[in-house]
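Secondary and tertiary structure notes
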Amino acid sequence: MNGFSDMRWLLSNSVMVFSNVLYVLIMGRVLCNWLVGGSGSKIKEFFYVLTEPFLGPIRNMIGRSPLGGGMMLDFSPVIALFLIQLLRTIIINVIYSVF
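Treat the numbers as computed from the prediction; the structure is a model and nothing was measured.

Of regular secondary structure, the chain possesses three helices and zero strands. Taken against the 2.2 N^0.38 rule, which gives 13 Å for 99 residues, the C-alpha radius of gyration of the chain at 17 Å runs more than 25% over that of a compact globule. Taken along its principal axes, the extent of the C-alpha atoms in the chain is 55 × 35 × 15 Å. Counting every position in the chain, which comprises 99 residues, the buried fraction comes to 28%. A sequence separation of at least 24 residues applies to 58% of the contacts in the chain between residues at least 6 apart. A total accessible area of about 7100 Å² is found for the chain, and carbon and sulfur atoms account for 73% of it.

In structure tokens:
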């Protein structure tokens, strides 16, 4: 392998690993909200602390949109998972076009 393909491999795999970890954390948060009762759970707090920096801004944008006023369900995880997939595809395509 030459230097460019090594760099391309490293960058694309880093993006894949980061996006997969974030995906698993968001899914873990969703499952904990459904399955784990109470607000004092350490596992719920773990997932909340790690995912709120990503989900909070999305939730705020939804709340300010015409759709978000009285929604009873939090759709921010669904939108975040979609955005993760979209951004991962775009970033990896850019990496492969540059290197």
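One pass over the structure, following the stated rule, counts three salt bridges. A salt bridge links E52 to R59; the shortest N-O distance between them is 2.8 Å. Under the relative-accessibility criterion, R59 is labelled partly exposed at 28%. When the shortest N-O distance is used, the salt bridge between D74 and R59 registers 3.2 Å. Of the two residues, D74 is situated in the loop between helix 2 (42-64) and helix 3 (76-98) and R59 in helix 2; the sequence distance between them amounts to 15 residues. Linked by salt bridges that have partners in common, R29, E52, R59 and D74 make up one network.

Rules of the game
The numbers attached to residues start from 1 for each chain and follow its sequence in the written order. Only residues with pLDDT of at least 70 are given local features in this predicted model, and only at 80 or more are side-chain atom pairs given and counted; all residues enter the totals for whole chains, interfaces and linings. As a convention, hydrogens and water are excluded, and side-chain values are obtained from all of the structure's heavy atoms. Each helix corresponds to a stretch of at least 4 residues labelled H or I by DSSP, and each strand to a stretch of at least 2 residues labelled E; elements are numbered beginning at the N terminus. We compute the radius of gyration from the C-alpha atoms alone; for a globule the expected value is 2.2 Å times N to the 0.38, where N is the number of residues. Each residue is placed in one exposure class: buried if its accessible area under a 1.4 Å probe, protein chains only, is under 20% of its type's maximum, exposed if it is over 50%, and partly exposed if it falls in between. Throughout, a residue-residue contact means that at least one pair of heavy atoms, one from each residue, lies within 4.5 Å. Accessible areas in this description were obtained via Shrake-Rupley with a 1.4 Å probe; residue shielding takes into account the shown protein chains only. A pairing counts as a salt bridge when a side-chain nitrogen of Lys or Arg comes within 4 Å of a carboxyl oxygen of Asp or Glu.

Scope: geometric values only; no functional claims are made or implied.
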